[in-house]
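Coordinate inspection notes
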Amino acid sequence: MLTNTTSPCLSPEVPVRAQGLHGLQQDISNNLAKFRQRTVKSHPASWADISRLADKNHWFSNDYPTPRRVQSGPYRSQEAIRLGDSFARLPAAKPLADYRIAIIVGEGGILQGLPELAASCDLTLQIDRESGPLQLITYLLEECRKETSYPESHTEKIALLNRAITRLQAANPEVGADNARDIALQFCEYITGMERNLFSSAERFAEFKRCQDHPVQQVYLDYFSEEAMSALAEILKDHNASVRFLNIGNACEYPEEFYEGIPYDDNGMDIGLTPSRYVQRLPFSDDAICAYSQLCGGRIFTATATIPEMADALYGCAISGRDSTLRALASRYDGQLFTWLIKDAASAASTFRDLQMIAWFLSCYGTGPSHQLPTRIFRFFAQHPINTMHDWILRLTAARLTRPEVEELKAHKEALKSDYLQNHPTHMDTQPPLFIKILDRITAEPRLAETGQPVDSTASSQAAAEEVTAVPMQLV
């Protein structure tokens, strides 16, 4: 496992506290090493029949506005994508009674927010399921510490980055020239788009230098792994440490990673499980906040939630990822559903050309019967040869349903089953398909939302994430 990027400073003024923090870091290093993964594959991996992302690593956070995001389709619009707003909400002092921890996924904006993290937290944990991005940031921070003056020119910044890339390649021969070019491209976009990053000005670089001894520890963990996250939670509790800041980025927009690790319970007891289940087990401080982002949906943004708001916010991220996948699948199999989804995701900021395109799709395909979205989703899976790798969409949809949605599914249940079995021949003498299991469980589920409004379109996911109204059922 990578060591932390700086040795703990055992100050004579606070030796017990410093030694306690050192013990926490050692316990994390010793007990979480078994979860280490060495890979430079993309996260998430591209799918065989449909892909939302290019096959590459995200070496740096992309929580900043870019022209591509503003102009890349009818369900894109200019939104607030400022991770710095989350860092600005951190308290500027640490308590002395226990330890405050920051947890960030990947680079997680550390090149922007290290001064705020150092002021508010005793330790920053960089968590990722892949070693490459964590190693790169380790080397980049170390190279920055060596600098005695601000690298003002672009050439100086690239030279500093190249030293980090050279070290990364020396430790990982599989990191080739293509990876290096990709890192450089993402770095240039980052230092241009991410506000107040340490390369943005001499003043900000000086702030970084003043807090450069803040301990940063890299840990190879998967946010969607029950074993790994439970182990981390127990270690933090054992050392009287709590999470004050969590930046999960847009990891929850890829909920398939969560459901792949949970076999469906034949008793149907997992009907309410959502992708942030294991994150919620972490010990959070009373003033903790969670930064998150939606980058796949109709509205793209970064936002900050308190811990009571976090479950709803991250569920909204999962729905954003679901709807992104549904749009791609529907464009292949069902013009009516595709039209409904892009029309629903279009915002007031859509260009005239985009609105014209939507109008053209409406004239060609219409939007079909006016069923609610859960019924449309199950009908889509019943009538088309959707690969079972996408069954996570059904499980996520089933996690939160309003009473009207359940009643509508009940009314169409037999027709949905009949269509599914007709289009998906299977031997029912062993196990019924997951589609049938989930549909049966939904229509027998007594715990329903108190509201009649669904929370499973892009717009309503945004509302759930930012305003957090009713909680349909207890999330676990």
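What comes next is a walk through the structure. Just so it is clear, the model here is predicted, and its values are computed rather than measured.

All right, on to the pattern of salt bridges then. Enumeration over the complete set of coordinates arrives at 22 salt bridges. Between Asp122 and Arg17 there is a salt bridge, with the nearest N and O atoms lying 2.8 Å from each other. Of this pair, Asp122 sits in the loop between helix H4 (110-120) and strand S2 (123-128) while Arg17 sits in helix H1 (residues 15-31), and the two are 105 residues apart along the sequence. Across the pair, Arg17 and Asp122 agree in class, each one buried. What you see here is one network of salt bridges that share partners, running through Glu142, Glu143, Lys146, Glu147, Arg163 and Arg167.

With that settled, consider the sheet that holds strand S5 (residues 284-294). Taking strand neighbours across the sheet as the criterion, the six strands line up as S3-S2-S1-S4-S5-S6 in an open arrangement whose pairing is mixed. Whereas interior strands pair on both sides, the edge strands pair on one side only; in this sheet they are strand S3 (216-220) and strand S6 (301-306). If you compare each strand with its neighbour and ignore which way they point, the axes differ by 20° on average. The pairing of S2 with S3 spans five bridges and is classified as parallel. If you follow Leu125 over to S3, its bridge partner there is Gln217. The sheet strands contacting helix H9 (residues 226-238) are strand S1 (99-105), S2 and strand S4 (241-249), and the helix crosses S4 at an angle near 145°.

Trans peptide bonds make up most of the peptide bonds, and negative phi angles are found at most residues other than glycine. In this structure, Arg196 is a non-glycine residue whose phi angle is positive, near 55°. If you trace the backbone, Arg196 turns up in the loop between helix H7 (177-193) and helix H8 (202-210). The class for Arg196 is partly exposed, based on a relative accessible area of 46%. Backbone geometry places Asn240, a non-glycine residue, at a positive phi of 55°. If you trace the backbone, Asn240 turns up in the loop between H9 and S4. Looking at Asn240, the relative accessible area reads 47%, which means it is partly exposed.

Time to look at the nonpolar core. With 83 residues, the main nonpolar core has Ile103, Leu232, Leu246, Ile248, Leu282 and Phe435 as its most contacted residues. With ten residues, helix H11 (residues 307-333) is the single largest residue contributor to this core. The contacts of Leu282, once residues within four sequence positions are left out, are Ile103, Met229, Leu232, Ala233, Leu236 and Val243. Counting residues in each nonpolar core, the second largest holds 43 residues, with Leu83, Ile110, Ala164 and Phe245 among its members.

A word on the packing of helix H12 (residues 335-345) against helix H14 (residues 373-383). Across the interface, H12 lies against H14 with an axial gap of 11 Å and an inter-helix angle of 145°. Here the hand of the crossing between H12 and H14 comes out left-handed. The residues of H14 that touch H12, namely those facing Leu337, Trp340 and Leu341, are Leu373, Arg376 and Phe380. Along the lines of polarity and charge, the residues of the contact of H12 with H14 split into five nonpolar, no polar and one charged.

What follows covers the environment of Ile436. Looking at the element boundaries, Ile436 is found in helix H17 (residues 434-444). On a C-alpha basis, the gap between Ile436 and Lys413 in space is 9.4 Å, while along the polypeptide they are 23 residues apart. Beyond its immediate sequence surroundings of up to four residues, Ile436 is in contact with Lys417 and Tyr420.

On to the pairing of S1, then. Among the seven residues in S1, six count as buried, and that is most of the element. Taken together, the six bridges between S1 and S4 define a ladder with parallel strand orientation. By the bridge assignment for S4, Tyr99 is matched with Ala241. In this sheet, S2 lies alongside S1 in parallel orientation, the contact comprising five bridges. Paired with Ile101 across the two strands is Leu123, which belongs to S2. On the question of chirality, the crossover connecting S1 to the parallel S2 by way of H4 is right-handed.

Across the interface, helix H5 (residues 131-146) lies against H8 with an axial gap of 10 Å and an inter-helix angle of 100°. Comparing their axes, H8 and H5 come out roughly perpendicular. Residues Leu141, Cys144, Arg145 and Lys146 of H5 pack against Phe205, Phe208 and Lys209 of H8.

Counting buried residues along helix H15 (residues 392-399), eight of its eight residues qualify, which places the element largely inside the surrounding structure. Among all positions in H15, only Trp392, Ile393, Leu394, Arg395, Leu396, Thr397, Ala398 and Ala399 are buried. Where H15 is buried, its residues meet helix H10 (256-260), H11, H14 and H17.

Counted by the stated rule, this structure contains 14 aromatic pairs. Taking 5.0 Å as the distance between ring centres and 75° as the angle between the ring planes, the aromatic pair formed by Phe258 and Tyr259 counts as edge-to-face. Tyr259 carries the same exposure label as Phe258, and that label is buried. Judged by centre distance (4.3 Å) and plane angle (5°), the rings of Tyr420 and Phe435 are stacked. Pair noted here: Tyr420 is in helix H16 (residues 403-423) and Phe435 is in helix H17, with a separation of 15 residues, a long-range link. Each member of the pair Tyr420 and Phe435 is classed as buried.

Okay, the environment of Phe380 next. By secondary structure assignment, the location of Phe380 is in helix H14. Under the relative-accessibility criterion, Phe380 is labelled buried at 1%. The spacing of Phe380 and Asp419 is 39 residues in sequence and 9.9 Å in space, taken between C-alpha atoms. Once you skip the residues sitting within four places of it in the chain, Phe380 turns out to touch Leu326, Leu329, Ala330, Tyr333, Asp334, Leu337 and Ile386.

Within the fold, Leu439 resides in helix H17. Separated by 41 residues in sequence, Leu439 and Ala398 place their C-alpha atoms 8.3 Å apart. Contact partners of Leu439, with chain neighbours within four places excluded, come to Phe378, Leu409, Lys413, Leu416 and Lys417.

Conventions and cut-offs
- Residues numbered from 1 in each chain as written.
- Predicted model: local features only at pLDDT ≥ 70, side-chain atom pairs only at ≥ 80, totals over all residues.
- Heavy atoms only, no water.
- Salt bridge = Lys/Arg side-chain N within 4 Å of Asp/Glu carboxyl O.
- Helix = DSSP H or I, 4+ residues; strand = E, 2+ residues; numbered from the N terminus.
- Buried < 20%, exposed > 50% of the residue type's maximum accessible area, 1.4 Å probe, protein only.
- Pairing = 2+ DSSP bridges.
- Axes fitted to C-alpha atoms, helices over the stretch in contact; angles between N-to-C directions.
- Contact = heavy atoms within 4.5 Å.
- Core = buried A, V, L, I, M, F, W, Y, C linked by side-chain atoms within 4.5 Å.
- Left-handed = near helix turned anticlockwise from the far one by under 90°.
- Nonpolar A, V, L, I, M, F, W, Y, C, P; charged D, E, K, R; others polar.
- Right-handed = clockwise from strand over helix to strand, strands pointing away.
- Parallel < 35°, antiparallel > 145°, perpendicular 65-115°, else oblique.
- Phe/Tyr/Trp six-rings, centres within 6.5 Å; stacked < 30°, edge-to-face > 60°.

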